[in-house]
Amino acid sequence: MFKISNCHRIVVKIGTSTLTHDEGHLNLRRIEALVKTLSDFKNAGKEVVLVSSGAVSAGVARLGTHRPTCTREKQAMAAVGQSELMKLYSRFFADYGHNVAQILLTKDVIDNPVRRAAAEDTFNTLLQMKCIPIVNENDSISTEELNFGGNDTLSAYVALVTHADLLINLSDVDGLYDKDPRKHADARLIERVEAIDDALLAMAGGAGTERGTGGMATKLTAARIVFEAGIPMFILNGKDPHILYDLLDGKPVGTYFAAK
Ligand code: GLU
């Protein structure tokens, strides 16, 4: 029987829409709550890896400019926003006595066994040093061929590379629904998923309709990657990061994806 209290190494992914206000500025209250909760997980003896989006949005907000209209602009804005993000995380985690470390990945690192092993060593060393690795895609140098197709997928690979016991995806929805909750008032939250089959993927809107059931398609792709590797996953609503305590206490929250 799965118990989160038995999970030692946990990867937590948080997305841009959860980290930022509607106009794109970083949601400091939420980030602070997330940092406090993850710090407490560390204090309780868990190892935490954070996969954080938000670089592009933070860059746009910092520069006071428009959303990027081409790859070159996106790369530049991510470079500005990534350091902004890390500055905040570093400061907030330091308040609770924890050190952070930045790791930026591209897909070729995962695909190349030598580079993947190097990344694995770095994660392990950082975790031994009690650091909290904070991971994002290396958007500033990433091109079509190199990218993961979003941080949901990135977080699944990070779970694999770190040999995590659990992946938690903090989203802007409560979990996986049997239909789009934004369109159907009677949509029902699915508490437990045993297998990610084609029927489930179709229910989530298919891979082509990203926001079909609250951006579920890429989350299910992530769930499928970790399922094969024997790593369970949760989708939880990250609007109040204290929900992680409910999870730790064994309360029924979000959607649980069992592992193979
Ligand atoms: N890496 C992107 C960023 O930091 C986000 C990608 C995603 O959210 O899927 O802005």
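Residues numbered from 1 in each chain as written. Predicted model: local features only at pLDDT ≥ 70, side-chain atom pairs only at ≥ 80, totals over all residues. Heavy atoms only, no water.

**Quick look at the overall build of the protein chain**
Part 1 of the argument: The number of helices and strands found in the protein chain is 10 helices and 8 strands.
Part 2 of the argument: Expressed as lengths along the three principal axes of its C-alpha atoms, the size of the protein chain is roughly 40 × 40 × 40 Å.
Part 3 of the argument: Expressed as a percentage of its 260 residues, the buried residues of the protein chain come to 53%.
Part 4 of the argument: Of the contacts made within the protein chain by residues no fewer than 6 positions apart, 71% connect residues no fewer than 24 positions apart. (Helix = DSSP H or I, 4+ residues; strand = E, 2+ residues; numbered from the N terminus. Buried < 20%, exposed > 50% of the residue type's maximum accessible area, 1.4 Å probe, protein only. Contact = heavy atoms within 4.5 Å.)

**Description of the site of the ligand**
Part 1 of the argument: Around the ligand sit Thr-16, Ser-53, Gly-54, Ala-55, Val-56, Asn-136, Asp-139, Gly-150 and Asn-151, and that is every residue in its neighbourhood.
Part 2 of the argument: In the environment of the ligand, an oxygen atom lies 3.1 Å from a nitrogen or oxygen atom belonging to the backbone of Val-56.
Part 3 of the argument: Interatomic distance of 2.8 Å between a side-chain N/O atom of Asn-136 and an oxygen atom of the ligand.
Part 4 of the argument: Burial of the ligand by the protein amounts to 78% of the accessible area it has alone, namely 300 Å².
Part 5 of the argument: According to the grid-proximity analysis, the pocket containing the ligand is the largest pocket.
Part 6 of the argument: Looking at the shell around the ligand residue by residue, the class counts come to 2 nonpolar, 6 polar and 1 charged. (Near = heavy atom within 4 Å. Polar contact = N/O pair within 3.5 Å; in protein donor to acceptor, adjacent residues only side chain to side chain. Areas by Shrake-Rupley, 256 points an atom, 1.4 Å probe, with all protein chains shown as cover. 1 Å grid on protein atoms, 1.4 Å probe; cavity = no way out; pocket = protein on both sides within 12 Å on 5 of 7 lines; lining within 4 Å. Sits in = over half its atoms within 2 Å of the grid points. Nonpolar A, V, L, I, M, F, W, Y, C, P; charged D, E, K, R; others polar.)

**Overview of the pattern of salt bridges**
Once the charged atoms of two side chains with opposite charge are near each other, the side chains can pair.
Part 1 of the argument: Applying the stated criterion across every chain, the model contains 15 salt bridges.
Part 2 of the argument: The partner of Lys-179 in a salt bridge is Asp-186, with the nearest N and O atoms 2.9 Å apart.
Part 3 of the argument: Taking the relative accessible area as the measure of exposure, Lys-179 reaches 29% and is therefore partly exposed.
Part 4 of the argument: Residues joined in a network through salt bridges with shared partners are Lys-13, Asp-152 and Lys-219. (Salt bridge = Lys/Arg side-chain N within 4 Å of Asp/Glu carboxyl O.)

**What about the confidence of the model for the protein chain?**
Part 1 of the argument: Predicted confidence across the protein chain gives a mean pLDDT of 91, with 96% of residues reaching 70 or more.
Part 2 of the argument: Confidence drops under a pLDDT of 50 for residues 207–214, and excluding neighbours within four residues, the segment shows 21 contacts in the predicted structure. (pLDDT = per-residue confidence, 0-100.)

**As for the packing of aromatic side chains**
Part 1 of the argument: Counted by the stated rule, this structure contains 4 aromatic pairs.
Part 2 of the argument: Between Phe-41 and Tyr-245, the ring centres sit 6.5 Å apart and the planes meet at 55°, which makes this aromatic pair tilted. Taken together, the positions of Phe-41 in helix H2 (residues 28–43) and Tyr-245 in helix H10 (residues 243–248) put the pair 204 residues apart, joining distant regions of the chain.
Part 3 of the argument: For Phe-41, a relative accessible area of 1% puts it in the buried group.
Part 4 of the argument: Between Phe-148 and Tyr-157 the ring centres are 5.9 Å apart and the planes differ by 45°, which places this aromatic pair in the tilted class. (Phe/Tyr/Trp six-rings, centres within 6.5 Å; stacked < 30°, edge-to-face > 60°.)

**Quick word on unusual backbone geometry**
Part 1 of the argument: Even without being glycine, Lys-130 reaches a positive phi, approximately 65°.
Part 2 of the argument: Mapped onto the fold, Lys-130 is located in the loop between helix H6 (113–128) and strand E4 (132–137).
Part 3 of the argument: Residue class for Lys-130 comes out exposed when judged on its relative accessible area of 59%.
Part 4 of the argument: Phi at His-163 takes a positive value of approximately 50°, unusual for a residue other than glycine.
Part 5 of the argument: If you trace the backbone, His-163 turns up in the loop between helix H7 (151–161) and strand E5 (166–171).
Part 6 of the argument: Assessed through its relative accessible area of 51%, His-163 is described here as exposed.

**Here we look at the layout of surface pockets**
A probe as big as a water molecule, rolled over the atoms, marks out the empty space that is left.
Part 1 of the argument: Taken as a whole, the largest pocket encloses approximately 890 Å³ of empty space.
Part 2 of the argument: Around the largest pocket, the lining is made up of 37 residues, and of these Thr-16, Ser-53, Lys-74, Gly-150 and Asn-151 lie nearest the centre.
Part 3 of the argument: Sorting the residues of the lining of the largest pocket by element identifies helix H1 (16–19), helix H3 (55–63), helix H4 (71–95), E4, H7, E5 and helix H9 (216–228) as the ones contributing at least two each.
Part 4 of the argument: Considered class by class, the residues forming the lining of the largest pocket number 5 nonpolar, 21 polar and 11 charged. (Points joined across faces, edges and corners; volume = space filled by probe spheres on them.)

**Side note on the nonpolar core**
Part 1 of the argument: By size, the foremost hydrophobic cluster in this structure holds 42 residues, and its most contacted members are Val-135, Val-158, Leu-176 and Phe-257.
Part 2 of the argument: Looking at this core, the elements with two or more residues in it are strand E2 (47–52), strand E3 (100–105), helix H5 (107–111), H6, H7, H9 and strand E7 (233–237).
Part 3 of the argument: In contact with Leu-176, other than residues within four places in its own chain, are Arg-188, Leu-189, Ile-190, Val-193, Leu-200, Ala-204, Met-216, Leu-220, Thr-255 and Phe-257.
Part 4 of the argument: Among the nonpolar cores identified, the runner-up in size contains 40 residues, and Ile-4, Cys-7, Leu-26 and Val-35 belong to it. (Core = buried A, V, L, I, M, F, W, Y, C linked by side-chain atoms within 4.5 Å.)

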